[in-house]
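Structural overview
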Amino acid sequence: MKIQERIYLAGSEQFGLSHAMDCNCYVIDGGSELAIVDSGLGLGVDDICANMSRLGLALDRLRHILITHSHNGHWGGADLLRNKTGATVWAHAGAAPLMADITHDPGIRLNLRFGRYPANYMPQPCAVDNTFREGDSISVGEVRVQVIHTRGHTADSCCLLLDSDGRRSLFTGDTVFYGGKLGILNLESCVLADYRADIGKLAGLKVDNLFPGHGVFVLRRGQRHIDRAIHKLGDFVLPESFFEVNELMWDKDYLRIMSD
Ligand SMILES: [Zn+2]
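These remarks concern the structure in this document. (Residues numbered from 1 in each chain as written. Predicted model: local features only at pLDDT ≥ 70, side-chain atom pairs only at ≥ 80, totals over all residues. Heavy atoms only, no water.)

A few points about the overall build of the protein chain
- The number of helices and strands found in the protein chain is nine helices and twelve strands.
- Here the protein chain has a C-alpha radius of gyration of 17 Å; the compact-globule value for 260 residues is 18 Å, and the two agree.
- For the protein chain, the C-alpha atoms occupy an extent of roughly 45 × 45 × 30 Å along the three principal directions.
- Within the span of the protein chain, comprising 260 residues, buried residues form 57% of the whole.
- Carbon and sulfur atoms make up 51% of the accessible area of the protein chain, which totals about 11,100 Å².
- Charge centroids of the protein chain, computed over 26 positive and 32 negative side chains, lie 4 Å from each other. (Helix = DSSP H or I, 4+ residues; strand = E, 2+ residues; numbered from the N terminus. Rg over C-alpha atoms; globule rule 2.2 N^0.38 Å. Buried < 20%, exposed > 50% of the residue type's maximum accessible area, 1.4 Å probe, protein only. Areas by Shrake-Rupley, 256 points an atom, 1.4 Å probe, with all protein chains shown as cover. Lys, Arg positive; Asp, Glu negative; His and termini not counted. Charge placed at Lys NZ, Arg CZ, Asp CG, Glu CD.)

In structure tokens, the structure reads:
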């Protein structure tokens with residue numbers, strides 16, 4: 001799906017573009033190079049590639065696979081996508097070791113325990129080619145993507161800022177969603193104090209497009225959704241979690257019906 005100039009959605013559970021356990025996988029067209037923001041779980045890679053080809057996004061232009069954080073549903077397909085395209089895999093320096101050794105990954109452990117993965121799927125580790133940190137800027141052809149390290153959902157969660165064609169986009173992974181909802185999970189790797197400490201980095205960015213890792217994206221006044229998240233994290237009431245009410249992906253019955 002073409003969203004705007006230079007910005008596409010190539011994979012997604014909620015938009016029906018790829019596998020039922022895939023996050024939103026956005027493509028940035030920098031002209032001579034493409035980047036994809038997150039790769040999905042892995043079972044949707046063929047669909048993602050087919051969607052890109054249909055959109056005129058040649059796979060041999062894909063040079064960068066930018067991972068927003070270390071949750072498997074966002075990077076599980078990265079190795080396969082790299083093999084198909086020759087692109088390099090990028091993630092935060094803190095995410096790389098967790099992607100390389102998934103033995104103790106709490107999310108994977110719980111997905112296995114709750115029987116969420118299809119019978120034909122077992123998570124595999126992924127070696128990251130390049131790491132990024134707070135303030136880094138990654139060149140994608142004619143555009144640049146700036147890294148903002150926003151801990152909370154995970155310690156390695158990052159938002160990616162893109163200025164293109166007079167508009168400002170923020171790819172937020174699972175940090176901030178539509179309506180200012182947050183990626184709060186009952187996992188040891190999710191730390192509310194980190195959320196409170198880092199969410200202020202997103203203040204005053206004047207974001208137009210808010211592109212979260214799941215659910216709907218916003219093409220106008222994206223900053224207001226971010227500002228609501230900042231406001232909620234400033235109060236003592238536990239903020240709303242996107243996953244509590246919007247995320248059918250964790251419902252085993254839903255997955256059984258929707259998956260192949
Ligand atoms: Zn996540």
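So, the packing of helix α1 (residues 45-54) against helix α3 (residues 78-85)
- Axis separation between α1 and α3 bottoms out at 10 Å; the angle between their running directions is 45°. Considering their axes alone, α1 and α3 lie oblique with respect to each other. Of the two elements, α1 crosses α3, and the hand of that crossing is right-handed. Counted together, Val45, Asp46 and Cys49 of α1 and Leu80, Leu81 and Lys84 of α3 form the full contact between these two elements. (Axes fitted to C-alpha atoms, helices over the stretch in contact; angles between N-to-C directions. Parallel < 35°, antiparallel > 145°, perpendicular 65-115°, else oblique. Left-handed = near helix turned anticlockwise from the far one by under 90°. Contact = heavy atoms within 4.5 Å.)

Quick look at the pairing of strand β4 (residues 34-37)
- Both faces of β4 are covered, namely the face carrying Leu34 and Ile36 and the face carrying Ala35 and Val37.
- Two strands pair when backbone bridges link them, and strand β3 (residues 25-29) and β4 are joined in this way by four bridges, in the antiparallel orientation. Note that in β4 the partner of Ile28 across the bridge is Ala35.
- Between β3 and β4, which pair antiparallel one after the other, the connecting turn spans four residues, and Gly31 there sits at a positive phi close to 90°.
- Pairing analysis gives four bridges linking β4 to strand β5 (residues 62-66), with the strands arranged parallel. If you follow Val37 over to β5, its bridge partner there is Leu66.
- Read as a crossover between parallel neighbours, the route from β4 over α1 to β5 is right-handed. (Pairing = 2+ DSSP bridges. Right-handed = clockwise from strand over helix to strand, strands pointing away.)

Let's talk about the pattern of salt bridges
- Scanning all chains against the criterion turns up 14 salt bridges.
- Each member of the salt-bridge network shares a partner with another, and the members are Arg6, Glu142 and Asp165. (Salt bridge = Lys/Arg side-chain N within 4 Å of Asp/Glu carboxyl O.)

Brief notes about the coordination of the zinc ion
- For the zinc ion, the full set of protein donor atoms is His69 (NE2), His71 (ND1), His153 (NE2) and Asp174 (OD), and the range of their distances to it is 2.1 to 2.2 Å.
- Geometry at the zinc ion is irregular, judged from its four donor atoms and the angles of 87 to 163° they form at the metal.
- Residue His153 is classed as buried on the basis of its relative accessible area of 0%. (Donors = N, O, S within 2.8 Å, 3.2 Å for Na, K, Ca; no water. Tetrahedral: all angles 85-135°; square planar, octahedral: opposite > 155°, others 65-115°.)

Some words on the sheet that holds strand β6 (residues 88-92)
- Spatially, β1-β2-β3-β4-β5-β6-β7 is the arrangement adopted by the seven strands of the open sheet, whose pairing is mixed. Sheet topology places β1 (2-4) and β7 (130-132) at the edges, where each strand pairs with a single neighbour. The average angle at which neighbouring strand axes cross in this sheet is 25°, direction not considered.
- When β6 meets β7, the two strands line up parallel, connected through three bridges. The residue bridging Ala91 from the neighbouring strand is Thr131, located in β7.
- Contacting β2 (7-11), β3, β4 and β5, α1 crosses the sheet at an angle of about 145° to β2.
- Running over the sheet, α3 touches β4, β5 and β6 and is turned about 170° from β5.

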